[in-house]
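The residues making up each chain are set out below.
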Amino acid sequence: MEPQAVALVESEDDIHRLLQYAVARGIPLTARAAGTNLTGSAIGSGIILDVSRLHRILEINREERWARVQPGIVLAELNAQLARQGLMFGPDPSSGDMCKLGGMLANNSAGPHTLRYGAVKDNVEKLRICLVSGAWLDARSYAIDDPAAAALLFSHPAVQETWSLVRAQADLLEQKRPRVSKNSCGYNLFGLAEGLARGQLDLPKLFIGSEGTLGIFSEATIRLVDKPRATLTAVIHFKRLEDVGEAVPQLLGLHPSALEVMDANTLDLIGRSRHGIPADSAATLLAELDADGPTVDLHEQAERMAAVCRRYPLASAMVTAYDPEQREQLWKARKALYPTLYRFDPRKKPINFVDDVVVPAARISELIRYLEEFFGSQRVPVAIFGHIGNGNAHIVPLLDVNDEGDYRKMVQGYHDIHRTVLDRFGGSICGEHGDGRVRAEFVPAMFGAELYDLFVKVKRCFDPGGVLNPGVKISDRPFTDHIDHIRLSKTCATCAKCNAVCPVYDVFRSEDMSSRGWFEIVTDKNYSYLNSKRVVEACLNCKSCRTACPAGVDVSQLILNRRAEHPNALAGLVFRFHANTKRFALFLKWLARFQSLWDRPLMRRILDVISRPMLKYLGPGARLSSRIALPKLAVLQLRERHAGLTTSAGETPRSKVAYFHGCAANYFDDGVGDAVIAVLRTHGIEPDLPPQRCSGTPIETYGHRNLAKEGARENLRAFAEYDTVVTGCASCTLMLKDYGTLFAGEPEQSAAEALAQRVKHIAEFVERSAVQPAMAPAAESQQRVTYHSSCHLRAAGVTKEPRAILKKLPGVEYVEMPDADRCAGGAGTYLVKDFDTSQRIVARKREAVESSGATLVATSCPACMIQLKTGLPPGVEVKHIAQVLQESYEAARRRAGETPS
Ligand SMILES: Cc1cc2nc3c(=O)[nH]c(=O)nc-3n(C[C@H](O)[C@H](O)[C@H](O)COP(=O)(O)OP(=O)(O)OC[C@H]3O[C@@H](n4cnc5c(N)ncnc54)[C@H](O)[C@@H]3O)c2cc1C
Ligand code: SF4
Ligand code: SF4
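Now for a quick tour of the structure.

The rules behind these values
Each chain has its residues counted from 1, running along the sequence as written. Each chain is given a letter, starting from A, and each ligand a number, starting from 1, according to the order in which they appear as written. Residues qualify for local features only when their pLDDT is at least 70, as the model is predicted, and side-chain atom pairs are given and counted only at 80 or more; totals for whole chains, interfaces and linings, by contrast, use all residues. Only heavy atoms go into the side-chain values, all of them from the structure, while hydrogens and water stay out. Think of it in three bands: residues with accessible area under 20% of the maximum for their type are buried, residues over 50% are exposed, and the middle band is partly exposed, with areas taken using a 1.4 Å probe on protein chains only. Starting at the N terminus, helices and strands are each numbered in turn, a helix being any DSSP run of H or I of at least four residues and a strand any DSSP run of E of at least two. The rule for a disulfide is simple: a pair of cysteine sulfur atoms within 2.5 Å. Residue proximity to a molecule or strand is established when one non-hydrogen atom of the residue lies within 4 Å of it. We call two N or O atoms a polar contact when they sit within 3.5 Å, provided that within protein one can donate a hydrogen and the other can accept it, with sequence-adjacent residues counted only if both atoms are side-chain atoms. Every accessible area reported is derived by Shrake-Rupley at a probe size of 1.4 Å, with residue values counting cover from the shown protein chains alone. Charged residues are taken to be Asp, Glu, Lys and Arg, nonpolar residues to be Ala, Val, Leu, Ile, Met, Phe, Trp, Tyr, Cys and Pro, and polar residues to be all remaining types, Gly included. Residues count as neighbours in contact if any of their non-hydrogen atoms are within 4.5 Å of one another. Exposure above 30% relative accessible area and the lack of any salt bridge qualify a residue for a patch; like charges then connect within 9 Å, and the nonpolar side chains Val, Leu, Ile, Met, Phe, Trp and Tyr within 5 Å. Basic side-chain nitrogens of Lys or Arg form a salt bridge, by our definition, when they fall within 4 Å of a carboxyl oxygen of Asp or Glu. Two strands pair if DSSP finds at least two bridges between them. In this analysis, axes come from line fits to C-alpha atoms, helices being fitted only over the stretch in contact, and the angle between any two N-to-C directions falls in the range 0 to 180 degrees.

### Some remarks on helix H24 (residues 555-564)
Of all 10 residues making up H24, seven are buried, and the element is well covered by its neighbours. Taken together, the buried positions of H24 are occupied by Val555, Ser556, Gln557, Ile559, Leu560, Arg562 and Arg563.

### Looking at the state of the cysteines
Following the criterion strictly, the structure yields zero disulfides and no others. Free of any disulfide, Cys430 has its nearest cysteine sulfur in Cys185, 5.8 Å distant. Of the residues examined, Cys430 reaches a relative accessible area of 0% and is grouped as buried.

### A few points about the site of ligand 1
Close to ligand 1 lie 35 residues; Ala31, Thr36, Asn37, Ser95 and Ala110 are nearest. Taking Ala33, its main chain carries an N or O atom lying 2.7 Å from an oxygen atom of ligand 1. Between ligand 1 and Asn107, the relevant distance is 3.0 Å, taken from an oxygen atom to a side-chain nitrogen or oxygen of the residue. Protein coverage of the free-state accessible area of ligand 1, which is 980 Å², stands at 98%. Of all the secondary structure elements, the ones that give two or more residues to the shell around ligand 1 are strand E2 (29-32), helix H3 (101-107) and strand E10 (216-223). Along the lines of polarity and charge, the residues of the shell around ligand 1 split into 16 nonpolar, 15 polar and four charged.

### Description of the environment of Gly386
Among the secondary structure elements, Gly386 is positioned in strand E18 (residues 382-387). Measuring from C-alpha to C-alpha, the distance between Gly386 and Ile364 comes to 10.0 Å, with 22 residues separating the pair along the chain. Among all residues touching Gly386, those that are not within four sequence positions of it are Leu259, Glu260, Val261, Arg334, Asn392 and His394.

### A closer look at a nonpolar patch on the surface
A contiguous nonpolar patch, built from Phe577, Phe587, Trp590, Phe594 and Leu597 and spanning about 470 Å² of accessible area, is present on the exposed surface. Looking at Trp590, the relative accessible area reads 47%, which means it is partly exposed.

### A few points about the sheet that holds strand E9 (residues 200-202)
With respect to topology, six strands assemble into an open sheet ordered E4-E5-E10-E7-E8-E9, the strand pairing being antiparallel. Where the open sheet ends on each side, the last strands, each with one partner, are strand E4 (57-61) and E9. The mean angle between the axes of side-by-side strands here comes to 20°, regardless of whether they run parallel or antiparallel. Across four bridges, the pairing between strand E5 (residues 66-69) and E10 is antiparallel. By the bridge assignment, Arg68 is partnered in E10 with Thr221. Across the face of the sheet, helix H5 (residues 147-155) comes into contact with strand E8 (136-143) and E9 while running at roughly 145° to E8.

### Examining the pattern of salt bridges
On inspection of all chains with the given rule, the structure shows 79 salt bridges. One salt bridge connects Glu511 with Arg516, and the closest N-O pair in it is separated by 2.7 Å. Take Glu511: its relative accessible area is 22%, and that puts it in the partly exposed class. By relative accessible area, Arg516 is classed as buried at 5%. A salt bridge links Glu537 to Lys833, with the nearest nitrogen and oxygen atoms 2.9 Å apart. Of the two residues, Glu537 sits in the loop between helix H22 (529-536) and helix H23 (544-548) while Lys833 sits in helix H40 (residues 830-833), which places them 296 residues apart along the sequence. Counted as one network, the salt bridges with shared partners bring together Glu77, Asp506, Arg509, Asp819, Arg822 and Arg844.

Here is the structure:
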């Protein structure tokens with residue numbers, strides 16, 4: 001469905017005016033948070049009201065454990081901030097890295113830990129809601145005899161009418177109340193009826209789970225819980241599915257906070273070997289236990305759990321983890337399961353149409369057996385996983401909806417399975433994902449005509465004109481309406497994991513300035529560069545999206561492909577000159593001689609002004625701001641300083657190890673190249689410095705792929721004979737490892753792939769080196785050091801090694817800063833191409849560094865170093881990881897009375 005307009009609201013006033021505008025003209029209005037729902041409930045044909053810019057925590061009360069929060073905040077960010085006070089919000093949908101509070105409220109979301117903390121409806125104190133009537137409703141629970149309740153009913157006729165309907169139909173509601181532990185189907189009039197029985201007008205219950213069809217939330221007061229002191233995560237592989245059903249009630253007796261299952265098909269689909277899952281595991285359980293007090297012994301609990309499981313044949317011994325990082329690893333496959341299934345087949349996609357059923361927990365094995373038989377008879381691969389402790393199963397068949405036969409199977413499965421869940425299991429068709437457009441058709445079957453009629457009346461009370469999210473929840477349209485066949489043939493699962501890490505989305509909070517949005521734009525059949533230039537040129541090429549995407553989509557590469565169709569002319573001139581390494585080196589040496597003149601504040605301001613008209617050809621926001629901490633250019637460049645190590649084209653290698661220094665280490669006088677060479681020497685290596693061209697990253701970023709390939713070919717030749725090619729720069733590391741993609745399908749591909757195997761970042765090299773040189777504190781007093789993980793090094797898979805090195809350094813207290821894995825906004829020349837955006841991006845990094853208390857930030861990318869030196873407060877030093885290492889080795893040598901190298 002294509003909307004007519006998208007509005008990014010920034011205040012309650014915006015929400016109010018937009019809703020009144022839509023009501024006055026009868027335009028459908030759909031609220032949207034992160035758009036991760038699986039039911040089509042945040043799309044609409046009228047106005048999309050996107051709440052992403054309302055993302056603040058307004059107040060936290062530590063003592064009373066509540067917080068007032070806006071609806072656009074991402075759950076993971078909310079919890080990261082609450083964690084500083086030892087608190088968290090209990091409900092935890094697996095999409096927590098990307099979904100936002102507004103969507104969680106409107107879907108009554110739940111997750112693996114609902115077992116312990118309940119769903120969203122159990123954790124909300126108060127909601128502030130904009131109604132179609134134009135009034136604002138502060139919805140909380142009131143005692144029925146409270147005069148405030150009477151006043152509220154008087155001033156909100158829709159609430160008054162709904163309350164009268166609930167009072168009149170309390171018996172019907174009790175009779176039809178779902179008997180399973182979770183339900184998000186229909187309106188939660190049951191919650192109101194339960195409140196009535198307790199003498200309460202429990203208003204939040206009505207709106208939570210209403211999917212944007214009754215009003216728009218601008219704020220919620222949520223209840224918080226203490227973060228557990230410690231947590232145990234266990235993975236248990238059962239040989240027989242039936243045994244899981246038997247074991248679950250016993251495991252529930254240990255009061256786990258989470259109990260999750262993945263069936264055999266799911267394990268096959270996600271790849272058993274990739275996740276270390278035994279071939280004969282028929283079902284895998286993930287269990288979690290929390291320790292609230294110091295007296296709880298989690299090891300003892302683990303033993304009790306193992307004792308329960310040992311009664312059944314297991315495919316391997318129970319795996320346990322207590323450390324947060326290891327626990328996160330165990331959860332990783334489970335949390336990203338749905339988008340990961342997109343990797344399975346280019347045509348068959350995981351389709352959500354029976355994805356959220358709930359049955360009594362003890363009957364979950366019976367349900368899985370039934371489903372396996374059902375899909376077996378259809379010959380459809382299916383993944384079945386979910387919150388077994390609540391009896392909530394996610395069922396995701398893989399189908400090609402563009403194939404007529406598969407389409408028919410989908411429609412048949414929709415009706416047969418939902419019917420069976422209701423008639424045979426007495427369950428619910430929807431535990432937590434919401435009804436949306438997918439299940440609306442089946443809501444009458446779930447509750448019967450009489451109760452459905454009550455839902456329709458409630459909807460009319462609040463929204464007589466049907467403006468709020470029509471087609472969602474209360475609708476007679478079949479679920480097959482509006483299926484987007486083109487979208488279903490694409491590779492992206494729309495899970496938004498990439499948006500959660502995209503630095504551009506972080507500052508703009510608008511889908512057209514986001515990784516997921518760009519995927520849509522650049523893969524659209526009507527794509528035109530001219531219409532999309534503004535957004536396609538805004539990507540930093542930081543590759544964070546590629547690292548995060550569970551479906552294996554590389555949005556940055558798709559954007560580069562589009563840019564390659566329109567290379568930037570000015571960048572082309574610069575890079576052509578840069579490709580002539582001799583002349584370019586001479587030019588920079590000439591500039592270096594006069595740097596003390598042109599790099600003065602006044603001159604830099606003048607340079608900024610006079611260069612703007614030309615730099616506009618790089619991008620509309622391009623400028624050489626005088627605030628950029630430009631590196632010192634080298635008068636004597638690295639290759640000259642280490643002339644004895646250089647080799648010329650065609651010369652036989654003198655060493656097995658070559659150093660690919662790249663442009664920055666050669667031309668800048670920043671000590672990085674010298675440090676890499678010194679570190680290698682300390683490890684007993686005298687590296688060669690073969691002739692080399694730019695690895696190609698910045699060149700490709702500006703669309704000049706052929707020029708990047710020209711340089712890459714030279715590099716392939718120059719480094720072909722070396723066993724190991726050491727790098728210091730994050731971007732060079734990634735680009736060299738990625739040459740295989742650059743030359744995909746071309747004669748150079750196999751040589752490029754071979755080179756990728758031999759490239760090692762200096763941190764990888766040191767961590768794997770057999771030599772363990774002595775280290776000593778480099779500074780007089782202990783230094784607090786943190787690590788900024790450069791995006792390209794992360795994309796190259798080098799994340800642990802630099803941290804491991806820093807943790808080992810004597811005289812250093814290593815602290816992991818928040819957001820260490822987030823882009824700092826430097827990205828090659830991005831801080832020139834769009835200085836203002838790059839500064840908005842680095843602001844978050846500055847806060848993270850400040851909160852860590854570190855006085856030194858170690859990193860491994862020249863562009864990150866410039867960006868951090870520009871954006872961090874003056875008291876914080878920035879160094880390359882090789883420099884930090886070299887200083888420690890030299891200190892050890894000084895202590896031992898040796899001459900420094
Ligand atoms: C990989 C993956 C895993 C998932 N796992 C879970 C899970 O474990 N548990 C679970 O419950 N869900 C899960 N989901 C579904 C979904 O992520 C959640 O339901 C999530 O809470 C939706 O939040 P959102 O911010 O994406 O909302 P959106 O998709 O943007 O919106 C959801 C609904 O909320 C409404 N809405 C949004 N903001 C407002 C507002 N301010 N006022 C009124 N209405 C509003 C929208 O109109 C829409 O009806 C998963 C999804 C994915 C992709
Ligand atoms: S590109 Fe990947 S991470 Fe981004 S929305 Fe699509 S599937 Fe999710
Ligand atoms: S490369 Fe970086 S800026 Fe570009 S879409 Fe991906 S995450 Fe966003």
